[in-house]
Each structure stands twice: as structure tokens, then as C-alpha cells.
Amino acid sequence: MAFTTLTVTQKEFLESHLRGTGKAMSAAQASATYGIKNIRARMTELRQAGLKVNRSKNSEGRATYSVSARDVEGSRAAKFA
């Protein structure tokens with residue numbers, strides 16, 4: 001895959017790319033494709049902002065992260081928009 005330059009913050013990108021889509025992203029995918037070196041820290045920031053972040057393991061046994069459409073209060077409102 002080609003490297004993509006982000007024009008928004010990493011938090012904004014991850015929210016829009018993952019929130020409510022059913023997609024998951026591993027640290028290796030985030031780093032190779034989007035230049036996000038510490039996805040774990042970005043997911044912590046999304047949790048602190050009130051979003052539901054899910055962590056699971058992929059077929060290789062590595063962590064993957066997805067973001068629920070609803071936040072911890074049950075709202076679908078945008079957090080960083």
C-alpha cells in the first residue's frame with residue numbers, strides 16, 4: 001500500500017475512518033498506510049473524548065481497534081467536527 005499524508009489530526013482521521021463502519025485497524029496498518037506510529041495512544045485519546053473503542057485480536061494475534069458508532073452516552077453526535 002502507498003503511504004497517505006493526512007490533512008486532519010490523527011484523532012479526527014481515526015474517528016471518521018473507523019467510527020461506525022465496522023472496520024478495524026492494527027498498529028502495523030496504521031503505521032504503514034497512514035503514518036500513525038502510536039495507534040494505542042490515539043485510541044486512548046478517543047476513549048478519553050467519550051467514544052467506545054473496541055480492541056480485539058486479528059488472525060496473527062495482534063491487537064486491532066475499531067470504534068463504535070455510539071459514544072459512551074449512546075449519542076451518535078460527532079466529537080471532533
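Residues numbered from 1 in each chain as written. Predicted model: local features only at pLDDT ≥ 70, side-chain atom pairs only at ≥ 80, totals over all residues. Heavy atoms only, no water.

A.B. asks: Before we move on, can you summarise a positive patch on the surface with the specific residues and values?
C.D. replies: On the surface, a cluster of positive charge is made up of Arg 40, Arg 47, Arg 55 and Lys 57. Elements that contribute at least two residues to the positive patch include exactly helix H3 (39-48) and strand S2 (51-57). Here Arg 47 lies in helix H3. You can call Arg 47 partly exposed: its relative accessible area is 36%. (Patch = residues over 30% accessible without salt bridge, like charges linked within 9 Å, V, L, I, M, F, W, Y side chains within 5 Å. Areas by Shrake-Rupley, 256 points an atom, 1.4 Å probe, with all protein chains shown as cover. Salt bridge = Lys/Arg side-chain N within 4 Å of Asp/Glu carboxyl O. Lys, Arg positive; Asp, Glu negative; His and termini not counted. Charge placed at Lys NZ, Arg CZ, Asp CG, Glu CD. Helix = DSSP H or I, 4+ residues; strand = E, 2+ residues; numbered from the N terminus. Buried < 20%, exposed > 50% of the residue type's maximum accessible area, 1.4 Å probe, protein only.)

A.B. asks: Which residues make up the nonpolar core, and what are the values?
C.D. replies: The nonpolar side chains of a soluble globular protein tend to be buried with one another. The biggest cluster of nonpolar side chains holds 15 residues, and the ones touching the most others in it are Leu 14, Met 25, Ile 36, Ile 39, Met 43, Leu 46 and Val 67. At the level of elements, helix H1 (10-18), helix H2 (27-34), H3, S2 and strand S3 (63-71) are the ones that each hand at least two residues to this core. Filtering out sequence-adjacent residues up to four positions away, Val 67 remains in contact with Leu 18, Arg 19, Gly 20, Met 43, Leu 46, Leu 51, Lys 52 and Val 53. (Core = buried A, V, L, I, M, F, W, Y, C linked by side-chain atoms within 4.5 Å. Contact = heavy atoms within 4.5 Å.)

A.B. asks: Please give an account of the pairing of S2 that cites residues and values.
C.D. replies: Across 6 bridges, S2 lies against S3 in antiparallel orientation. Considered in S3, the bridge of Leu 51 is made with Asp 71. Between the end of S2 and the start of S3, which pair antiparallel, lie 5 residues, with Gly 61 showing a positive phi angle near 85°. (Pairing = 2+ DSSP bridges.)

A.B. asks: Requested: an account of the pairing of S3, with residues and values cited.
C.D. replies: With 2 bridges joining them, strand S1 (residues 25-26) and S3 adopt antiparallel strand pairing. Within the sheet, the bridge partner assigned to Ser 26 lies in S3 and is Thr 64.

A.B. asks: So what's going on with the environment of Leu 18? Which residues, and what values?
C.D. replies: Tracing the chain through its elements places Leu 18 in helix H1. For Leu 18, a relative accessible area of 0% puts it in the buried group. Discounting residues that sit within four places of it in the chain, Leu 18 has contacts with Lys 23, Ala 24, Met 25, Met 43, Tyr 65 and Val 67.

A.B. asks: Let's hear about the pattern of salt bridges: which residues, and what values?
C.D. replies: Evaluated as defined, the whole model comprises 2 salt bridges. For the salt bridge of Glu 15 with Arg 19, the shortest nitrogen-to-oxygen distance reads 2.7 Å. Given the relative accessible area of 8%, Glu 15 is considered buried. Residue Arg 19 is classed as buried on the basis of its relative accessible area, which comes to 14%. We note a salt bridge from Arg 42 to Glu 45, for which the minimum N-O separation is 3.0 Å.

Honestly, it's all geometry; don't read function into it.
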